[in-house]
Amino acid sequence: MSQVKDLPRLAEQPVTVSGWIASVRVHARVAFVVLRDGTGVVQGVVVKSAVSEDTWALVTSLTQESCVAVGGVVREDARAPGGYELTVSDVELIGASDEYPIQPKEHGVEFLLDHRHLWLRSSMQRAGLKVRAEVEQAIHDFLYGRDFVRIDTPILTGAIGESAGTLFETDYFGERAFLAQTGQLYVESACPAFRKVYCFGPTFRAEKSKTRRHLTEFWMVEPEVAFADSNDNMTLQEAFVCYMVERALERCGPELEVLGRDLSRLESVVAPFPRISYCEAVERLNAEGRKFEWGRDLGAVEETLISDWFDRPVFVYNYPKEAKAFYMKENPADPRTVLCNDLLAPDGYGEIIGGSQREDDLDRLLARIREEGLPEEAYEWYLDLRKFGTFPHSGFGLGLERTVGWITGRPHIRELVPFPRLINRLKP
RNA sequence: UCCCGCGUAGCUCAGCUGGUAGAGCAGACGGCUGUUAACCGUCGGGUCGCAGGUUCGAGUCCUGCCGCGGGAGCCA
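What you see is a predicted model; the values in this text were computed from it and never measured. Residues take numbers from 1 onward in each chain, read along the sequence in its written order. Whichever chain is written first becomes A and whichever ligand is written first becomes 1, with later ones labelled in order. Totals for whole chains, interfaces and linings use every residue, but because this is a predicted model, local features are given only for residues with pLDDT of at least 70 and side-chain atom pairs only at 80 or more, for both listing and counting. Only heavy atoms go into the side-chain values, all of them from the structure, while hydrogens and water stay out.

**Digging into the sheet that holds strand β10 (residues 196-204)**
Phase 1: Taking strand neighbours across the sheet as the criterion, the eight strands line up as β6-β10-β11-β16-β15-β14-β13-β12 in an open arrangement whose pairing is mixed. In this open sheet, the two strands that pair with only one neighbour each are β6 (149-150) and β12 (275-277).
Phase 2: Sheet topology places strand β11 (residues 217-226) next to strand β16 (residues 393-399); five bridges connect them, and they run antiparallel. What sits directly across from A226, in β16, is H393.
Phase 3: Here a residue-residue contact requires only that any non-hydrogen atoms of the pair lie within 4.5 Å. Think of each axis as a best-fit line through the C-alpha atoms, taken over the contacting stretch in the case of a helix, with angles from 0 to 180 degrees between the N-to-C directions. Strands here mean DSSP runs of E at least two residues long; helices mean DSSP runs of H or I at least four residues long; both are numbered from the N terminus. The sheet strands contacting helix α5 (residues 184-194) are β6, β10, β11 and β16, and the helix crosses β11 at an angle near 30°. What makes two strands pair is DSSP finding at least two bridges between them.

Here it is as structure tokens:
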């Protein structure tokens, strides 16, 4: 059996290709059968006088998404999409398909998500998920190439990551358990064992968000590096993001074309990225007439304004303490702030990375936990890391779907995960 | 949780200031040597989201509920 992607090398040769019917156009004496096999799409030409009566009858009755094996000869022909087509001699029906719900036309979001298991076959969806897979591979390759050790962190947890209000709770043999919303505390633990580590997996947030940038289950990669300060952290993020974009440009050209992505917007994504402190950002926002009070966290509107100042992703660093999580290290130069950064993607895609240097001083960390009213006993093991050889370290979390959403230029990140989990959507 | 918008055929939608429903696609049948979401013709297909209300009369106006979409907050 041959694959569609190999057909240009098999010109004038007889082949058999198996796949699914994208469309059939039947005329009086000739029919066109468009076949998708997962490696590509090819048009088969069936001439009535050249095939058996049974074959013609089968071809003219084929429906969208029927699975078939098609035998024929590969021909170069300018009229064929892709330049090559199949002159069909015989067709075998493998699996019939009656009244396939998704038509080659506009559909509503709800309908498409209800049929996500079938929607995956559509060209835009295949392109988006292919880019996702490439970016995932790029993540592993980049970190492997820099001697990071992958640490798989638990999904069922007793400890708490950030804020307790947004956790999915479940029963664990009579005990309360939570689905992990970050693997950070665990990679911090593995840091003294391997120096550079990362985790990459699904995370869960019970936030009732209804925006194009939110999922309740999303994938996050979280590198953590010993002896790295906040600046080192940003430099790593910059190289990391550049590498992902490079890989997408290098290996997903056809997919980005299907998606209609403006490649010049991606080609400008090269280091160094601009770095602007929270204080500078607030100053500039106010100078531009947007009233914004120092101390508040930046909202979606402010993030978009800031990212529009630049042609590539931008770091906003050292936010006020109150706006950020308890584990971030106090800024010695300005104790109102912490050593942290967000990375804002261009074109309104918002925050794709949140990172920080971690608080490595036991007393300060404990004080912060108490200030936030967090359950101290849940963090006992985490505090141990500051008792037994504490060390400066930094890390960050990059949201995969947001990053791929930005790279592909899709309007909503729900399309960049095979089976999105959203508020009100658990199926299919 | 809050704000805005939308629920009409399997799908995407039209239906003006109230007079009990229409198109395209999909499906079935017929026609057409090369189409690119082919085209042309014929046919079948509807508790107008649900429940009340106003009215002689409601898809259309009002109220409530449900569902969906977009945004805010929160975050990646």
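**Points about the protein's contact with RNA strand B**
Phase 1: Think of it this way: one heavy atom of a residue within 4 Å of a molecule or strand is enough to make that residue near it. Close contacts around RNA strand B come from 47 residues, with R29, K105, R205, R212 and E351 the closest.
Phase 2: The backbone of L215 places a nitrogen or oxygen atom 2.9 Å from a base nitrogen of RNA strand B.
Phase 3: Definition of a polar contact: a pair of N or O atoms within 3.5 Å, with one able to donate and the other able to accept a hydrogen when the atoms are protein atoms, and with sequence-neighbouring residues admitted only if both atoms are side-chain atoms. The contact in question runs from a sugar or linking oxygen of RNA strand B to an N or O atom on the backbone of I353, over 2.9 Å.
Phase 4: Those elements that place two or more of their residues in the surface near RNA strand B are β1 (14-26), β2 (30-36), α2 (109-114), β11 and β15 (350-357).
Phase 5: The element contributing the most residues to the surface near RNA strand B is β15, with four residues.

**Thoughts on the nonpolar core**
Phase 1: Nonpolar core, defined: a set of buried Ala, Val, Leu, Ile, Met, Phe, Trp, Tyr and Cys residues in which side-chain atoms within 4.5 Å join the residues together. Accessibility here uses a 1.4 Å probe with only protein chains present; expressed as a share of the type maximum, an area under 20% marks a residue as buried, one over 50% as exposed, and anything in between as partly exposed. Core analysis: the biggest nonpolar cluster contains 39 residues, and I139, F240, W406 and I407 have the highest contact counts within it.
Phase 2: Contributing elements (two or more residues each) for this core: α4 (123-145), β10, β11, α6 (230-251), β14 (340-345), β15, β16 and α13 (400-408).
Phase 3: Residue contributions to this core peak at eight residues, all from α6.
Phase 4: Beyond its immediate stretch of four places on either side in the chain, F240 contacts I139, F142, L143, V221, P223, F396 and L398.
Phase 5: Y278, I306, L365 and L385 belong to the second-largest nonpolar core, a separate cluster that totals 29 residues.

**Considering the sheet that holds strand β3 (residues 41-47)**
Phase 1: One closed barrel holds the five strands; their spatial order is β1-β2-β3-β5-β4, and the pairing between them is mixed. Neighbour-to-neighbour, the strand axes of this sheet turn through a mean angle of 55°, independent of strand direction.
Phase 2: As judged from the six bridges shared by β1 and β2, these two strands associate in the antiparallel manner. Pairing of R25 across the sheet is with F32, part of β2.
Phase 3: Relative to strand β5 (residues 84-95), helix α1 (residues 53-61) is tilted by about 85°, and along the sheet it contacts β1, β2, β3 and β5.

**Some remarks on the pairing of β10**
Phase 1: Buried residues dominate β10, accounting for seven of its nine residues.
Phase 2: In this sheet, β10 lies alongside β6 in parallel orientation, the contact comprising two bridges. When the bridges of β10 are listed, R150 appears paired with Y198.
Phase 3: In terms of strand pairing, β10 meets β11 through nine bridges, oriented antiparallel.

**Comments concerning the confidence of the model for chain A**
Phase 1: One number per residue, pLDDT, summarises how confident the predictor is, and it ranges from 0 to 100. With 98% of its residues at a pLDDT of 70 or more, chain A has an overall mean of 92.
Phase 2: For this predicted complex, the interface score ipTM comes out at 0.88, while the overall pTM is 0.93.

**Notes on the packing of aromatic side chains**
Phase 1: In summary, the pairing rule links any two rings of Phe, Tyr or Trp, Trp by its six-membered ring, whose centres are within 6.5 Å, and it sorts them by plane angle into stacked for under 30 degrees, edge-to-face for over 60 and tilted for everything else. Taken as a whole and judged by the stated rule, the model has 15 aromatic pairs.
Phase 2: Judged by centre distance (5.7 Å) and plane angle (85°), the ring pair of Y278 and W294 falls under edge-to-face. With Y278 in helix α9 (residues 278-287) and W294 in the loop between α9 and α10 (300-307), this pair connects stretches of sequence that are 16 residues apart.
Phase 3: Y278 sits in the buried class, given a relative accessible area of 0%.

**Examining a nonpolar patch on the surface**
Phase 1: Without a salt bridge and with relative accessible area above 30%, a residue can belong to a patch; like charges are then joined within 9 Å and nonpolar side chains (Val, Leu, Ile, Met, Phe, Trp, Tyr) within 5 Å. Areas reported here follow the Shrake-Rupley algorithm with a probe of radius 1.4 Å; residue values treat only the protein chains shown as occluding. Here, a salt bridge means any Lys or Arg side-chain nitrogen found within 4 Å of an Asp or Glu carboxyl oxygen. Together, L156, Y172 and F173 make up a nonpolar patch on the protein surface, roughly 390 Å² of accessible area in all.
Phase 2: Positionally, Y172 belongs in strand β8 (residues 169-172).

**So, the side chain of Q237**
Phase 1: Residue position: Q237 is located in helix α6.
Phase 2: Within the local environment of Q237, its side chain forms a polar contact with the side chain of N341, the two groups lying 2.7 Å apart.
Phase 3: If sequence neighbours within four positions are ignored, Q237 has contacts with F315, N341, I353, G355 and F396.

**Some remarks on the packing of helix α11 (residues 362-371) against helix α12 (residues 380-387)**
Phase 1: Closest axis-to-axis distance for the α11/α12 pair is 9 Å, and the angle between their directions is 155°. Classed by the angle they form, the pair α11 and α12 counts as roughly antiparallel. Here L362, L365, L366 and I369 of α11 come into contact with α12, specifically with Y382, L383, R386 and K387.
Phase 2: Counted by class, the contact of α11 with α12 contains six nonpolar, no polar and two charged residues. Any angle from 65 to 115 degrees is called roughly perpendicular, while one under 35 is roughly parallel, one over 145 is roughly antiparallel, and all others are oblique. Gly falls in the polar group here, along with every residue not listed as nonpolar (Ala, Val, Leu, Ile, Met, Phe, Trp, Tyr, Cys, Pro) or charged (Asp, Glu, Lys, Arg).

**Focus: the environment of C252**
Phase 1: Summarising the element assignment, C252 is placed in the loop between α6 and α7 (253-258).
Phase 2: C252 gets classed as buried once you look at its relative accessible area, which sits at 2%.
Phase 3: Along the chain, C252 and A127 lie 125 residues apart, while their C-alpha atoms are 8.4 Å from each other.
Phase 4: In this view, C252 contacts K130, V131, E134 and R247; residues no more than four positions away in its chain are not counted.

**Some details on the pattern of salt bridges**
Phase 1: Considering all chains together, one arrives at 35 salt bridges under this definition.
Phase 2: The shortest N-O distance in the salt bridge between R386 and E188 comes to 2.9 Å. Taken as a pair, R386 in helix α12 and E188 in helix α5 lie far apart in primary sequence, 198 residues in all.
Phase 3: For E188, a relative accessible area of 1% translates into the label buried.
Phase 4: Between R368 and E372 there is a salt bridge whose closest N-O contact spans 3.3 Å.
Phase 5: Overall, the relative accessible area of 8% leaves R368 in the buried class.
Phase 6: With relative accessibility at 39%, the residue E372 sits in the partly exposed group.
Phase 7: Put simply, E188, E224, R358 and R386 are held in one network by salt bridges that share partners.

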